[in-house]
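Okay, here's what each chain looks like letter by letter:
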Amino acid sequence: MKLLPVRTAPFFAAGIILCSDGGIMAVIMVAAAAVLAAVAFCMYRKAFPSAAALCAGMAAVTMFISFVCQPILSYSGTAQELSVIVSSKYDYGGYAMYYADTTLGGHGTSVSFYYGNDLLEGDVLTGRFSLSDRVRNTTAQRICMSATIEELHSIQRPEHSIIRTMAEFRRSLAAQVAEISDGDTAALTQGLLFGDTSGFSAKLRHAAKVSGVMHFTAVSGSHFVIIMSVILAMAGGHRRFRAVLSAFCIPLAVLFFGADPTVLRAGIMLFICNLGPLIARSTDTLNSLCISVLIMTVFTPYVMLDIGFQMSVMGVSVVGPQCCRMVRSLIPKAPKAVKLILDSFLSSVCAVICIAPISVGAFGGISLVGAFATVVLTPVFTAALALGVLFAFTGLPFMLLPLGLMIKAAYHVILFFGSDNRLWLVLDFDGAGLIALLCMLSLTLAVTAPDSFLHVGMCVFGTGSAAAVALSLIITGYQHRVIFVSDGSSGAAVVCDRHEATVFLAGEGAELESRLADCLLSSGIYRLHSVIAPDLTPQGAQSILLLHDIYPLGELVTTQECSDRLSVTDKDVRMIDVCGFTISCAKSGDTDASADAVMYTGYKLSCPSYGDVRYPLYVSSRQNLLPENGINIFDEKFIIELRKAGE
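Residues numbered from 1 in each chain as written. Predicted model: local features only at pLDDT ≥ 70, side-chain atom pairs only at ≥ 80, totals over all residues. Heavy atoms only, no water.

A. Quick peek at the pairing of strand β9 (residues 491-497). Of all seven residues in β9, six are buried, a share of seventy percent or more. The pairing of strand β8 (residues 480-486) with β9 spans seven bridges and is classified as antiparallel. Within β9, the position partnered with Val485 by the bridge is Ala492. What sits between β8 and β9 in their antiparallel hairpin is a turn of four residues, with Gly488 showing a positive phi close to 105°. Sheet topology note: the β9/strand β10 (residues 500-506) ladder contains seven bridges and is antiparallel. Paired with Ala492 across the strands is Leu505, a residue of β10. (Buried < 20%, exposed > 50% of the residue type's maximum accessible area, 1.4 Å probe, protein only. Helix = DSSP H or I, 4+ residues; strand = E, 2+ residues; numbered from the N terminus. Pairing = 2+ DSSP bridges.)

Below, the structure is given as structure tokens:
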């Protein structure tokens, strides 16, 4: 804890988060932090590095916003002649969405656009791109702006491209591994081995979230450690040779998985740890973690705001090991197997608590069985990934059989722990993040400074945990509100009444099940009373069936023929009334619709008009131009508290 990176990196990251919104308040906070650093230098030198790091973090993100973000964002809403290099591709069958790297005003940035599925990673496109006002992501290494190709001048495919080579190798390997299974188990294989969750069904994604094991499907330090362990075990040799080999393989692994913030953090951290034998220095996990955080945030401070990056950092802490040492001291004569199981469980519990503030902010709750599921799934995941690495290097087909068995075992573990929605603690209310942060800080103080803070820290932790559970039960047990969500083509109004909900769909309803499942989970819903869908299509009916696999459904109100598995009422209901608050659906640009809230489907290139509507809600992800008071519910869910509306 006395090492300089450990003393400075947390404060540097805190400074970035505090000033991430920019504006005059950021300038004031930078000035206040500078004064604090000066006072620390004069009066208490030991605190000076931490105070200086806090000031440096604030200054770094403020300058990044002023000199990088704002110049790039000034191009939004304009058309530019650009040369872009395709970095990643997401195929939707017939067309695909691409992410590509380019420069705007001399600053590196990224654009996302839709095109046919014939482009490959590494292709160089030149043409005229229309940049929208929507910024897809400002929390990764680069700002990513949505774009539309107005005119394409040329497509060049370099003969040698390491990006394309790695992508093709990953696709080839994924295709071979996918042959051992189908359906959700095939999708889980891609998730566990390659961090690709795009093929997850709503049921599998929901179960993984409830069971608290989604972190296994994101490339992290565990992937790197297992991969390097297999490679080094196969290589043998001297410590220095192994260090050189790992230093060579880690960048290739980063390219293989994709240079996401979590991947880069894990790669840099493992690279630093393996560098020790080459420079005759011992390595420390926490010190290496803090160095990797400093390296990644100095030049791109916004990476600190990436949810995946935050969770990957907070999941690696001193709390787990220290807690294990404290408990081991209480049971010195326990069998070794018992101690190992206890260490695994305590480490998982501490990791869940440490990332709880982030999980609450990102997902609206935490899993109550995450620690148990992690303990059970860890050996299965380790064996599956090790077999996957061996198959990638050897190509021996007989390894696919045990790999398939491991994946099936993991699948059943996830479904076992994620089958009951009541195992998800809903913390989607004001102040929940602060309570989770208080619990995390109190536990950290209790185990890192037990002589001074053990009893106080554990009391605060217990009180905070009990308060979180009590507030969750009270708020979800008496909720009465409407939540509006969209998947980009269809929308839904979720009317929550305690632990039961009614869903009113606007549009065809296809591909909406994942958004609905997430919304219902974060609202503490256990059962669907009914789904009302006037424009439901056969594809939309399939989505309702998938949702029915997760939440019991009482009735489907629609004009379409659906499966015998559902109780269907044949009605064309285009408006519902909830406590005097009316909700209806209409086409974008329809001025005749009249209700308190109208969900407009479809897409207009121009700014759409609307009639006498209190809340005009737009469903399309492409609807960038909005009228006055217009709200795009694809960007962020919109909530109306019915008690307040009734008043």
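From this point, the discussion proceeds with the structure in view.
B. View of the sheet that holds strand β11 (residues 527-532). Reading across from one edge, β13-β12-β11-β10-β9-β8-β19 is the order of the seven strands in this open sheet, with mixed pairing throughout. Every other strand in the sheet has two partners, leaving β13 (568-570) and β19 (638-641) as the edge strands with one partner each. When the angles between neighbouring strand axes are averaged without regard to direction, this sheet yields 20°. Sitting on the sheet, helix α21 (residues 538-548) is in contact with β10, β11 and β12 (553-558), with an inclination near 170° to β12. (Axes fitted to C-alpha atoms, helices over the stretch in contact; angles between N-to-C directions. Contact = heavy atoms within 4.5 Å.)

C. Layout of unusual backbone geometry. One non-glycine residue, Glu511, lies in positive phi territory at about 65°. Here Glu511 shows up in the loop between β10 and α20 (513-522). For Glu511, a relative accessible area of 60% corresponds to the exposed category.

D. Seen up close, the environment of Ala253. In this structure, Ala253 sits in helix α8 (residues 239-257). When its relative accessible area of 10% is taken as the criterion, Ala253 is described as buried. Expressed as a C-alpha distance, the spacing of Ala253 and Gly267, which sit 14 residues apart in the sequence, is 7.9 Å.

E. Geometry of the packing of aromatic side chains. Summed over all chains, the structure comprises 11 aromatic pairs. Look at Phe64 and Tyr302: their rings are 5.5 Å apart centre to centre, the planes differ by 55°, and that puts the pair in the tilted class. Here Tyr302 lies in the loop between α11 (285-299) and α12 (307-314) and Phe64 lies in helix α3 (residues 48-73), a separation of 238 residues in the sequence. The buried category is assigned to Tyr302, whose relative accessible area is 10%. Ring centres 5.1 Å apart and planes at 20° place the aromatic pair Tyr600 and Tyr618 in the stacked group. On the criterion of sequence distance, the pair formed by Tyr600 in strand β16 (residues 595-601) and Tyr618 in strand β17 (residues 613-618) is long-range, its members being 18 residues apart. The burial state of Tyr600 is the same as that of Tyr618; both residues are buried. Members of the aromatic cluster, joined through ring pairs, are Phe484, Phe581, Tyr615 and Phe638. Its guanidinium or amino end placed over the ring of Phe41, Arg45 lies 4.1 Å from that ring's centre, counting from NZ or CZ. (Phe/Tyr/Trp six-rings, centres within 6.5 Å; stacked < 30°, edge-to-face > 60°. Lys NZ or Arg CZ within 6 Å of the ring centre and 35° of its normal.)

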